[in-house]
Amino acid sequence: MQSPLREGALVLGIESSCDETGVALVRLPAASGDAQRPAVPQLLAHALHSQIDMHRAYGGVVPELASRDHIRRVLPLAQQVLAEAGHDLAALDVIAYTKGPGLAGALLVGAGVACALGAALDKPVLGVHHLEGHLLSPFLSADAPQFPFVALLVSGGHTQLMRVDGVGRYELLGETIDDAAGEAFDKSAKLLGLPYPGGPELARLAEGGDAQAYALPRPLLRAGNLDFSFAGLKTAVFTQVQKLGAALDAPDSRQRRDLAASTQEAIVEVLVRKTLLALEQTGLKRLVVAGGVGANRRLRQTLDAACARRGLRVHYPELHLCTDNGAMIALAAAMRLQARLQQPTRQWSFDVLPRWPLEAIAAPE
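Note that the structure is a prediction, hence the values are computed from the model and not measured.

1. Quick notes on the side chain of N325
Mapping N325 onto the fold places it in the loop between β10 (313–315) and α10 (326–338). The exposure class assigned to N325 is buried, which follows from its relative accessible area of 1%. Polar contacts involving the side chain of N325 include one to the main-chain carbonyl oxygen of L321, which spans 3.1 Å. Here the side chain of N325 touches M328 through a polar contact of 2.8 Å, landing on its backbone nitrogen. Beyond its immediate stretch of four places on either side in the chain, N325 contacts E15, G22 and L48.

So this is what it looks like as structure tokens:
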């Protein structure tokens, strides 16, 4: 077959790290661009199935159910994407999949399907880092960033600040030492009796509340470093829930709305202050925010205002690409191929890495 780096090469991406099954098809661009502003692959089609309704009855993700649902969904979604893009399996040049981090069983489904397709079609495959997908996803937006930038990665299980000088050129600046921001949202929402997924529900409830009603802690805010900690905030919310007792029982309770707003404000303030400190320490003027929590309206409003006052640029993924999706996996694979950081392989045996730090894939200087 022709080199996967040829103009117009097609990359199919499969995402199955947790509770969304995503498949997407991208086309490599004609030109590679330059080191600061690489040419962005074209997203031809993508499809996504969320398992939220299935897991809601259990109050959280059930790994075995997630894996089984990925098995049911991934091939129909692939067929849907190829039909929408006007291509068939034979046209593919590379099949990419999420290798980690994530739930082991869920990752194995995507990896197994990708490698089985590769073996059946004699196509090479490429394992992709889930967080690199999030990190690069803003390149699919109308306002694509350019390198270098500081990245705030905020998803359900990860909160990290990275310096990004190019594809594969990542330096960890700070990360959470316990709960991630997404976990703080979800666990606080559960304490307030909100349904799964708790983060978006808490954000909706917070819109009608007073963010200054309860003095909740901002852990590590004055530590002078770029690390995060949200476990203490969750404990403070639990204590406040115990104090308020029956006052929180009514769905339209003012105290409930106020506690939701105060909780959200504490999380957002920590994220914004640490991010601004990272920009100050690195001297960079450009910020990328990615991951599911990056869709939070209050976080976007606060960051936009703070960065505008300082003459800084902020870039986000499109809202529908903030959650886990196949487009970010196909994009990350294509951009790694463009940068010649990795070559796909016809070795169709596979493994997955449920725990896999993003800095482990940084290219050597």
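After presenting the structure, the write-up continues.
2. Some remarks on the nonpolar core
Counting 48 residues, the largest nonpolar core has L152, F230, L271 and L287 as its most contacted members. Counting residues per element, the ones that place at least two in this core are β6 (149–154), α5 (181–191), α6 (198–206), α7 (231–244), α8 (254–282), β9 (286–290) and α9 (297–310). Membership of the second largest hydrophobic core comes to 38 residues, among which are V94, L136, A290 and W356.

3. Details of the UniProt feature "binding site: Fe cation" (unreviewed entry) in the protein chain
UniProt records the feature "binding site: Fe cation" (unreviewed entry) at H130, H134 and D324, using the numbering of this structure. The largest pairwise C-alpha distance within this set of annotated residues, which runs over 195 residues, is 8.4 Å, so the set is compact in three dimensions. Note on placement: H134 falls in helix α4 (residues 130–136). With relative accessibility at 1%, the residue H134 sits in the buried group. Look past the residues within four positions of H134 in its chain and what remains in contact with it is L153, A290, G291, C322, T323, D324 and M328. Within the element layout of this structure, D324 appears in the loop between β10 and α10. Note on D324: relative accessible area 12%, which makes it buried. With residues up to four places along the chain from it excluded, the contact list for D324 reads E15, S17, C18, E20, L48, H130 and H134.

4. Observations concerning the state of the cysteines
By the definition in use, this model includes 0 disulfides. C18 carries a free sulfur, and the closest cysteine sulfur to it, the one in C322, is 16 Å from it. Taking the relative accessible area as the measure of exposure, C18 reaches 23% and is therefore partly exposed. There is no disulfide at C322, and the cysteine sulfur nearest it, in C307, is 16 Å away.

5. Brief notes about the UniProt feature "domain: Gcp-like" (unreviewed entry) in the protein chain
The UniProt feature table records "domain: Gcp-like" (unreviewed entry) at residues 42–330. Between the end C-alpha atoms of residues 42–330 the distance is 10 Å, and the span holds 47% helix and 17% strand.

6. Brief notes about the sheet that holds strand β7 (residues 159–166)
The 5 strands are arranged β8-β7-β6-β9-β10 in an open sheet whose pairing can be described as mixed. Each edge of the open sheet is held by one strand with a lone partner, namely β8 (169–175) and β10. Strand-to-strand twist across the sheet, computed as the mean angle between neighbouring axes with direction ignored, equals 25°. Sheet topology note: the β6/β9 ladder contains 4 bridges and is parallel. Across the sheet, the residue bridging to A151 is V288, located in β9. Here α8 sits on the sheet and contacts β6, β7, β8 and β9; the angle it forms with β6, its principal contact strand, is near 155°.

7. A look at helix α2 (residues 63–85)
Its 23 residues place the ends of α2 31 Å apart at the C-alpha level, agreeing with the 33 Å of an ideal helix rising 1.5 Å per residue. At R73, α2 shows its maximal kink, close to 30°; a proline, P76, follows between one and four residues later. Buried within α2 are the following residues: A66, S67, D69, H70, V74, L77, A78, V81 and L82. Of the surrounding secondary structure, the elements contacted by the buried residues of α2 are β1 (10–15), β2 (20–27), β3 (42–50), α1 (52–56) and α3 (104–121). Just downstream of α2, G86 is the residue with a positive phi angle, here 75°.

8. Re the domain arrangement of the protein chain
Under the domain assignment used here, the protein chain contains domain 1 (9–137 + 322–361) and domain 2 (146–316). Of note, the centres of domain 1 and domain 2, computed from C-alpha atoms alone, are 27 Å apart. Listed per partner, the contact involves 26 residues of domain 1 and 26 residues of domain 2. Between domain 1 and domain 2, a total of about 2,100 Å² is buried, with carbon and sulfur atoms accounting for 66% of that surface. Of all residues in domain 1, the largest losses of buried area upon contact with domain 2 belong to Q36, L135 and C322, amounting jointly to 28% of the total for that side. At the junction of domain 1 with domain 2, the criterion picks out 0 salt bridges. Where domain 1 packs against domain 2, one counts 6 residue pairs in polar contact (both at pLDDT 80 or more).

9. Thoughts on the pattern of salt bridges
Enumeration over the complete set of coordinates arrives at 17 salt bridges. Here D165 ties to R163 by a salt bridge, and the two come within 3.0 Å at their closest N and O atoms. Between R218 and E269 there is a salt bridge, with its nearest N and O atoms 2.8 Å apart. Here R218, found in the loop between α6 and α7, pairs with E269, found in helix α8; they are 51 residues apart in sequence, far enough to count as distant. With relative accessibility at 25%, the residue E269 sits in the partly exposed group. Put simply, D69, R72 and R73 are held in one network by salt bridges that share partners.

Cut-offs and rules
- Note that residues are indexed from 1 along each chain, following the sequence as it is written.
- Note on the predicted model: pLDDT of at least 70 is required for a residue's local features to be given, and 80 or more for side-chain atom pairs to be given and counted; whole-chain, interface and lining totals, by contrast, use all residues.
- Hydrogen atoms and water are omitted, and side-chain values are computed over all heavy atoms in the structure.
- Only runs of H or I of at least four residues qualify as helices and only runs of E of at least two qualify as strands under DSSP, and these elements are numbered from the N terminus.
- Burial here depends on accessible area, computed with a 1.4 Å probe over protein chains only, as a share of the maximum for the residue type. Under 20% is buried, over 50% is exposed, and the range in between is partly exposed.
- Identification of polar contacts relies on pairs of N or O atoms within 3.5 Å, with a donor-acceptor requirement for protein atoms, meaning one able to donate a hydrogen and the other able to accept it, and with residues adjacent in sequence counted only if both atoms are side-chain atoms.
- Note on contacts: a residue pair is in contact if any heavy atoms of the two residues lie within 4.5 Å.
- Within this scheme, the nonpolar core is defined by two criteria: the residues are buried Ala, Val, Leu, Ile, Met, Phe, Trp, Tyr or Cys, and they are joined through side-chain atoms within 4.5 Å.
- UniProt positions are given in the numbering used here, feature names are shortened, and annotations may be inferred rather than shown by experiment.
- For the purposes of this analysis, a disulfide is any pair of cysteine sulfur atoms at a distance within 2.5 Å.
- Should DSSP find at least two bridges between two strands, the strands are taken to pair.
- As a rule, the C-alpha atoms of each element are fitted with a line to give its axis, helices using only the stretch in contact, and angles between N-to-C directions run from 0 to 180 degrees.
- A helix is expected to span 1.5 Å multiplied by its residue count minus one.
- By definition, a residue's bend is the angle between the axes fitted to the seven residues ending there and the seven starting there.
- A domain assignment, automatic or from a database, supplies the domain bounds used here.
- The quantity reported as buried area is the accessible area (1.4 Å probe) lost by two parts once they are put together, taken as the sum for both.
- For salt bridges, the criterion is a side-chain nitrogen of Lys or Arg within 4 Å of an Asp or Glu carboxyl oxygen.

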